[in-house]
Amino acid sequence: MRIISPSLLAANFKNISEDIKKVESAGADRLHLDVMDGNFVPSITFGPMIVSAINECTDCHLETHLMIQKPHKSLDQYIKAGSDTIIIHTEASTNPKEDLLYIRKNNVYAGIALNPYTDENCLLPILDYLDYILIMSVVPGKGGQSFIKSTLNKMENIVQMTKDRNITIGVDGGVNLDTISKVYDTGIDITIVGSALFKSDNISQRYQDLMNA
Ligand code: DX5
Ligand code: ZN
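(A) Region of the structure containing the coordination of the zinc ion (ligand 2). Around the zinc ion (ligand 2), the protein contributes the donor atoms His32 (NE2), Asp34 (OD), His65 (ND1) and Asp172 (OD), which lie 2.0 to 2.3 Å from the metal centre. Geometry at the zinc ion (ligand 2) is octahedral, judged from the six donor atoms that bind it and their angles of 71 to 169° at the metal. All donors to the zinc ion (ligand 2) come from one chain, and their sequence spacing reads H-x1-D-x30-H-x106-D. One end of the pair, aspartate 34, is in strand 2 (residues 30-36); the other, aspartate 172, is in strand 7 (residues 168-172), with 138 residues separating them in the sequence. A relative accessible area of 4% places aspartate 34 in the buried class.

Shown next, in the form of structure tokens:
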């Protein structure tokens with residue numbers, strides 16, 4: 001089964017609800033929200049106020065990808081804003097286990113993201129606290145980058161590592177018509193697609209093409 005989670009980073013923020021409707025009618029039932037703090041990554045995007053506004057435009061499952069340093073300081077705000085899944089970065093958290101437990105305690109799915117060059121074995125001690133693993137296939141910080149092929153091997157390893165567990169695996173960055181089938185072949189569950197979807201002239205057709213690639 002293939003699941004695409006559109007990354008709104010590449011959508012038109014002048015009229016975000018319009019782009020959300022387009023991907024919903026194409027079949028999307030989840031959305032990926034990229035929060036950047038200008039510290040963990042150089043860029044700044046948006047915060048909880050925008051997550052909350054997006055939550056009011058849609059019934060989609062909202063996965064909030066926190067590219068922020070010391071995420072524990074802001075978890076409450078993203079929980080309150082209506083996130084269904086919150087993803088912290090293992091490289092940014094001072095205590096991933098505690099953060100994940102806190103997210104779950106608030107009835108939100110708990111996820112961790114891993115940068116392309118971070119060793120996946122760092123997941124072993126926290127597997128019990130995870131609902132979601134986001135494998136970065138680009139260095140986080142901006143959309144439209146090229147897919148890093150060496151992460152395909154990491155995807156296979158993480159699929160093996162989690163095979164007897166109920167953990168969803170997502171892949172984020174550089175997923176497009178050329179790379180998507182290689183990514184699904186590794187056995188992961190969800191691909192995040194930003195520019196390859198929203199920069200198309202026909203978003204609905206592109207969504208179908210990505211599903212069938
Ligand atoms: C990168 C973000 C991604 C990004 C994906 O820092 O986490 O979610 O928006 O965009 P594309 O699909 O354009 O690589
Ligand atoms: Zn992301």
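(B) Quick look at the nonpolar core. Leu8, Leu123 and Leu130 are the most contacted members of the largest nonpolar core, which totals 59 residues. Of all the elements, helix 5 (residues 151-161) adds the most residues to this core, at five residues. Grouped together as the second largest cluster of nonpolar side chains are eight residues, Tyr132, Leu134, Met136 and Ile190 included.

(C) How the structure looks around the pairing of strand 5 (residues 109-114). Summarising burial for strand 5: five of the six residues are buried, a large majority. Summarising the sheet, strand 4 (residues 85-89) and strand 5 pair through five bridges and their orientation is parallel. If you follow histidine 89 over to strand 5, its bridge partner there is alanine 113. Of the crossover connections in this fold, the one passing from strand 4 over helix 4 (residues 96-105) to the parallel strand 5 is right-handed. Taken together, the four bridges between strand 5 and strand 6 (residues 132-136) define a ladder with parallel strand orientation. If you follow leucine 114 over to strand 6, its bridge partner there is isoleucine 135.

(D) Here's a closer look at unusual backbone geometry. Positioned with a positive phi, lysine 70 is a non-glycine residue whose angle comes to about 45°. Relative to the helices and strands, lysine 70 is located in the loop between strand 3 (61-67) and helix 3 (75-80). One non-glycine residue, asparagine 107, lies in positive phi territory at about 60°. Here asparagine 107 is to be found in the loop between helix 4 and strand 5. Classification of asparagine 107 as exposed rests on a relative accessible area of 73%.

Calculation criteria
Residues numbered from 1 in each chain as written. Chains lettered and ligands numbered in written order. Predicted model: local features only at pLDDT ≥ 70, side-chain atom pairs only at ≥ 80, totals over all residues. Heavy atoms only, no water. Donors = N, O, S within 2.8 Å, 3.2 Å for Na, K, Ca; no water. Tetrahedral: all angles 85-135°; square planar, octahedral: opposite > 155°, others 65-115°. Helix = DSSP H or I, 4+ residues; strand = E, 2+ residues; numbered from the N terminus. Buried < 20%, exposed > 50% of the residue type's maximum accessible area, 1.4 Å probe, protein only. Core = buried A, V, L, I, M, F, W, Y, C linked by side-chain atoms within 4.5 Å. Pairing = 2+ DSSP bridges. Right-handed = clockwise from strand over helix to strand, strands pointing away.

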